[in-house]
Amino acid sequence: MVVPQPRADDLLSVGGEGAGPEAWVAWQPAVLLVEDDAGDALLVEELVADSALKIRLQWVRSMAEAAEVLAVDVPDCVLLDLHLPDAQGLEALSRVRASAERAAVVVLTGLAEEETGLAAVAAGAQDYLVKGRVEPGLFGRAVRYAIQRKQAERAAVALQASRMQAQENARLERGLLPRPLLRGEGVEAVTRYRPGRAQALLGGDFYDIVQSVDGTVHAVVGDVSGHGPDEAALGVALRIAWRTLVLSGVTGAEQAARLEELLVAERARSEVFATLISLSAAPGERTASVVRAGHHGLLMRDGGAVDWVEVAGGPALGVVPGLADWPVEELAVPQDAAVVLFTDGLFEGHVGRGSERLGRTDCCASRGNGPRWHRSGSSTN
């Protein structure tokens, strides 16, 4: 039975914690020697045999042979002679790095080529060794340190990329989490956004609250299917479009139809859809107009009771483009009652670390995690 050998990536996960000392002791790195001189190759084989580091060595004589090996499997380290029949100097280094980005590279130079070795390190090699001037102990340490140095470089690059991605995600999140546009002191908007898991991918959940000139309060909660920057960007576009339509006086079923047109034009894949529920409440009225497109219901708190309220609606946006209809449902809102809109992440969330979900019953008890509109007397608070 062949036991798979651990690789450098197994011992040093990029951006994570490294393996313990005992793992490094048992580690047998895979090393590819690219050397056209048989005598020099024999010297390297003797260094490997005498080194405390148990290296799995493979020898090839040209860059063409090296390319064939690297196309199948990338070793932990490449020992590279810069004077090959089909590649000379830093050209050889460049070709190896292009073919084996994850591998450390240690350049082999002659006695009078130390400056060439330094130039190779400046060009991306992890180290250089002078042929005939290396002891077995130094050779083993050089290979191991070169591999660890390469892993550290990759970790630094991954960390920088993660920081840049976090900055871009923050920009998208600012678009998903707007400032409510309220015109009067009689309106209070209460919102809460909380990712459902650690290091969550960006999602397409969005919400907004706008108060028009006549005092009518409009609120929306929506959810684009899937997770990632494309879905988040589409959520931002839908939210901004919704706010623009409200300020332009477009509401009800026509508003949902215009949003669907935008979604179909902007979505990256034809299977992407979005659900939403929007609410409009005029000042002095004890009803709210609700439009539901594939979204679940809402919560209403009246006194000490919190109830799940289902309202009539149509399909999600983008499921049957141009063919759907979204009825406007009038919802009675008693005095001193509160209405909560939220996404499905609330009641579909797991309870603790198990597989049990929160569910609708406990969702009602928790009072939701989305925008809340509160009816108190003849004003909106």
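Here the structure is shown first, and the text comes after it.
Residues numbered from 1 in each chain as written. Predicted model: local features only at pLDDT ≥ 70, side-chain atom pairs only at ≥ 80, totals over all residues. Heavy atoms only, no water.

**Description of the overall build of the protein**
- Across its full length, the protein carries 10 helices and 17 strands.
- Classification of the 381 residues of the protein by burial places 43% in the buried group.
- Partitioning the intrachain contacts of the protein with sequence separation of at least 6 by distance along the chain shows that 67% fall at a separation of at least 24.
- Surface accessibility of the protein: about 19,400 Å² in total, with carbon and sulfur atoms responsible for 51%. (Helix = DSSP H or I, 4+ residues; strand = E, 2+ residues; numbered from the N terminus. Buried < 20%, exposed > 50% of the residue type's maximum accessible area, 1.4 Å probe, protein only. Contact = heavy atoms within 4.5 Å. Areas by Shrake-Rupley, 256 points an atom, 1.4 Å probe, with all protein chains shown as cover.)

**Description of the pattern of salt bridges**
- Here the structure, examined in full by the defined rule, presents 10 salt bridges.
- In this structure, Arg258 engages Glu254 in a salt bridge whose closest nitrogen and oxygen atoms are separated by 3.9 Å. Residue Arg258 and its partner Glu254 are both found in helix 9 (residues 252–266); the two are separated by four residues, about one turn of the helix.
- Exposure remark for Arg258: the relative accessible area of 33% places this residue in the partly exposed category.
- For Glu254, a relative accessible area of 46% puts it in the partly exposed group. (Salt bridge = Lys/Arg side-chain N within 4 Å of Asp/Glu carboxyl O.)

**With respect to the sheet that holds strand 3 (residues 77–81)**
- A sheet is described by the order of its strands in space; here five strands give the open sequence 2-1-3-6-7, paired in parallel fashion. In the strand order of this sheet, the two ends are held by strand 2 (56–60) and strand 7 (127–130), each with one partner. Across this sheet, the average inter-strand angle for adjacent strands is 20 degrees, counted without regard to direction.
- Of the pairings in the sheet, the one linking strand 3 to strand 6 (residues 104–109) comprises five bridges and is parallel in character. Each residue of the ladder has a partner; that of Cys77, found in strand 6, is Ala104.
- Across the sheet, helix 5 (residues 90–99) touches strand 3 and strand 6, and the angle it forms with strand 3 is around 160 degrees. (Pairing = 2+ DSSP bridges. Axes fitted to C-alpha atoms, helices over the stretch in contact; angles between N-to-C directions.)

**Regarding the layout of surface pockets**
- Here the second largest pocket defines a volume of roughly 220 Å³.
- Lining the second largest pocket are 16 residues, and of these Leu43, Val44, Leu47, Gly132 and Val134 sit closest to its centre.
- Counting residues per element, the ones that place at least two in the lining of the second largest pocket are helix 3 (38–50), strand 7 and helix 7 (136–176). (1 Å grid on protein atoms, 1.4 Å probe; cavity = no way out; pocket = protein on both sides within 12 Å on 5 of 7 lines; lining within 4 Å. Points joined across faces, edges and corners; volume = space filled by probe spheres on them.)

**So, the packing of helix 8 (residues 229–247) against helix 9**
- In the contact formed by helix 8 and helix 9, the axes pass within 10 Å of each other and the chain directions differ by 150 degrees. Classified by the angle their axes make, helix 8 and helix 9 are roughly antiparallel. For the pair helix 8 and helix 9, the sense of crossing is right-handed. On helix 9, the residues touching Leu234, Ala237, Leu238, Ala241, Trp242, Leu245 and Val246 of helix 8 are Gln255, Arg258, Leu259, Leu262, Leu263 and Glu266. (Parallel < 35°, antiparallel > 145°, perpendicular 65-115°, else oblique. Left-handed = near helix turned anticlockwise from the far one by under 90°.)

**A few points about the pairing of strand 12 (residues 298–302)**
- Judged from the five bridges that link them, strand 12 and strand 13 (residues 305–309) form a sheet pairing that is antiparallel. Residue Asp302 lies in a different strand from strand 13, and its bridge partner there is Ala305.
- Counting the residues between successive antiparallel strands, the hairpin from strand 12 to strand 13 contains two residues, one of them, Gly303, with a positive phi of roughly 70 degrees.
- Across three bridges, the pairing between strand 12 and strand 15 (residues 338–340) is antiparallel. For Arg301, the partnering residue across the bridge sits in strand 15 and is Ala338.

**Some thoughts on the nonpolar core**
- Core analysis: the biggest nonpolar cluster contains 24 residues, and Leu32, Val34, Met63, Val78, Leu80, Val105 and Val107 have the highest contact counts within it.
- Taken together, the elements giving at least two residues each to this core come down to strand 1 (30–34), helix 4 (63–72), strand 3, helix 5, strand 6 and strand 7.
- Ranked by the residues each element gives to this core, the list is headed by helix 4, at four residues.
- Those residues within four positions of Leu80 in sequence are excluded, and the remaining contacts are Val34, Met63, Ala92, Leu93, Val96, Val105, Val106, Val107 and Leu108.
- Formed by 23 residues, the second largest nonpolar core is a distinct cluster that contains Leu263, Val272, Val291 and Ala293. (Core = buried A, V, L, I, M, F, W, Y, C linked by side-chain atoms within 4.5 Å.)

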